[in-house]
Amino acid sequence: MQNWYQIIPKNTGLSSYIWIIFCLLPFFFIFRSSSVTEIIFGFFMIILFFLSYRLSFISNSRMVYVWVSIEMAISITMTLLFGYIYFALFLAFFIGNIQRLSGFLTLYIVHLVTTAGTIALVFFMQNEALFPQLPFVIICLIGVILLPFTMYYRIKREKLEGELEDANEKISQLKVIEERERIARDLHDTLGQKLSLIGLKSDLAGKLIHKNPTAAQNEIHDIRQTARTALKEVREMVSNMRGARLEDELLRVQQILQAAEIKLHTEGSPEFGQTPLLVENVLSMCLKEAVTNVVKHSQASNCRIIIDQPPDEVVLRISDDGTGLSERNISLSGHGLQGMRERLEFVNGSLELTSNHGTTLTIRVPKVIQQSKQEELK
């Protein structure tokens, strides 16, 4: 459930200003009454309703039903006496926050029946009270019918998304641990035997250095060759360690977008020829961060990824047809963009962001291969 101070419902399809109007409207309905007693009673009902509404958010599961029952009684009273029915929307929103299915269905049915029955009774007894606001009454009834289920399944979905994110984080941690163990095994298998052989030959060379200098010299030569072989194998092992390939990242991105119900359109080949692995790793991380922003913030229906490889650089464009950056009021340093800029600085890359009927992120990285003769000799 939400915190107690979040009296104005969020993410219900209605603006916060409309909910504020619903909070102020009961005073208008009360002041229409000519009786001072009714006005005082109406004020008391409003204060009691919002007090109960606040306590509903902070109470335990048993007391929640008590406060909701009080709120239903107040909503019925306000409808019968003053023709104010919009407390029913607040109740509909709160009922959607109850995740226990039996309690949710019970309160939903009771609230729907009492609201519809009260409105029908008011129309039957005093038609002039609700007839001028008939369109709003119909909207209120639709809200009472749909809003609880909307909130119920939205909260359940957010909970599942949170659990999925925690599970993915744990999987990532396990992958890191597994990779460390694999590297440790490879280093042990690669260096263990070579270092043991170097140790034995060093002891043998020490014993032969005075008795048979020629044999000792041969052993030292074997030690040098063994050390070079071990160094070569370690370098090959490090160079063959797989980083984040762009082709693999595209497959993961496709799965994420498919889960978010966003259509993916790709152009260009993710396979690189002479591009260093470091550059490809940086591009893969930037692509992952960009698509994460599209899923979380863009509200887009389509995402397009274009990979262009001119002779001197790699260009990666990620665009969506969502709300656009300016409308979302996101600064250039927010939502991982600053992290992407920092990564691109290591490979002399650049990042360009435009927002026009959506957002387009353009990443440029030069194809720089620095391999000196000294490194080749090593």
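What counts as what
Residues numbered from 1 in each chain as written. Predicted model: local features only at pLDDT ≥ 70, side-chain atom pairs only at ≥ 80, totals over all residues. Heavy atoms only, no water. Helix = DSSP H or I, 4+ residues; strand = E, 2+ residues; numbered from the N terminus. Buried < 20%, exposed > 50% of the residue type's maximum accessible area, 1.4 Å probe, protein only. Contact = heavy atoms within 4.5 Å. Areas by Shrake-Rupley, 256 points an atom, 1.4 Å probe, with all protein chains shown as cover. Expected span 1.5 Å × (residues − 1). Salt bridge = Lys/Arg side-chain N within 4 Å of Asp/Glu carboxyl O. Pairing = 2+ DSSP bridges. Axes fitted to C-alpha atoms, helices over the stretch in contact; angles between N-to-C directions. Core = buried A, V, L, I, M, F, W, Y, C linked by side-chain atoms within 4.5 Å. 1 Å grid on protein atoms, 1.4 Å probe; cavity = no way out; pocket = protein on both sides within 12 Å on 5 of 7 lines; lining within 4 Å. Points joined across faces, edges and corners; volume = space filled by probe spheres on them. Nonpolar A, V, L, I, M, F, W, Y, C, P; charged D, E, K, R; others polar. pLDDT = per-residue confidence, 0-100.

### A short note on the overall build of the protein chain
Secondary structure summary: the protein chain contains 13 helices and five strands in total. With 378 residues in all, the protein chain has 34% of them scored as buried. Taking as baseline every contact in the protein chain between residues at least 6 positions apart, the subset at least 24 positions apart corresponds to 68%. Only carbon and sulfur atoms are counted for the fraction: they give 58% of the accessible area of the protein chain, which is about 23200 Å².

### Quick word on helix 10 (residues 277-298)
If you check helix 10, its first and last C-alpha atoms are 30 Å apart, about what 22 residues at 1.5 Å a residue would give, namely 32 Å. Trailing helix 10 by a residue or two, Q299 shows a phi angle of about 55°, which is positive.

### A word on the pattern of salt bridges
Throughout the structure, instances matching the rule amount to four salt bridges. Among the salt bridges present, the one from E267 reaches R304, with a minimum N-O distance of 3.0 Å. Of the two residues, E267 is situated in strand 1 (residues 263-267) and R304 in strand 2 (residues 302-308); the sequence distance between them amounts to 37 residues. R304 sits in the partly exposed class, given a relative accessible area of 33%.

### Focus on the pairing of strand 4 (residues 350-355)
Side chains on a regular strand alternate between the two faces of the sheet. Pairing geometry for strand 4 and strand 5 (residues 359-366), over six bridges, is antiparallel. Note that in strand 5 the partner of L353 across the bridge is L361.

### Points about the sheet that holds strand 5
Sheet architecture is open: five strands sit in the order 1-2-3-5-4, paired in mixed fashion. What marks the edges here is a single partner per strand, and that holds for strand 1 and strand 4. For this sheet, the mean angle separating the axes of adjacent strands, direction not counted, is 10°. Here helix 9 (residues 246-259) sits on the sheet and contacts strand 1 and strand 2; the angle it forms with strand 2, its principal contact strand, is near 170°. Docked against the sheet, helix 12 (residues 337-345) engages strand 4 and strand 5, running at close to 150° with respect to strand 4.

### Points about the nonpolar core
Counting residues in hydrophobic clusters, the biggest one holds 35 residues, and the most contacted among them are F49, Y53, V68, M78, F87, F94 and C140. For this core, the elements supplying multiple residues, two or more each, are helix 2 (36-58), helix 3 (61-82), helix 4 (87-96), helix 5 (101-125) and helix 7 (134-211). Once residues within four sequence positions are removed from consideration, C140 is found in contact with I85, Y86, A88 and L89. Listed in part, the 28 residues of the second largest apolar core include I262, V291, V314 and L361.

### Topic: empty space enclosed by the protein
Tallying each qualifying case throughout the model produces two cavities of 30 Å³ or more. Approximately 80 Å³ is the volume found for the second largest cavity. Lining the second largest cavity, in full, are M72, S75, I76, T79, I85, A88, H111, T114, T115, T118 and I119. Elements with a minimum of two residues in the lining of the second largest cavity: helix 3 and helix 5. In terms of residues, the lining of the second largest cavity owes the most to one element, helix 5, which gives five residues. Here the lining of the second largest cavity is composed, by residue class, of five nonpolar, six polar and no charged.

### Looking at the confidence of the model for the protein chain
Taken residue by residue, the protein chain gives an average pLDDT of 77. The fraction at 70 or more is 77%. Long-range and interchain partners of residues 327-333, a stretch whose pLDDT sits below 50, account for 15 contacts in this model, where long-range means more than four residues apart. Contacts for the low-pLDDT stretch residues 369-378, under 50 throughout, to residues beyond four places or in other chains number five contacts.

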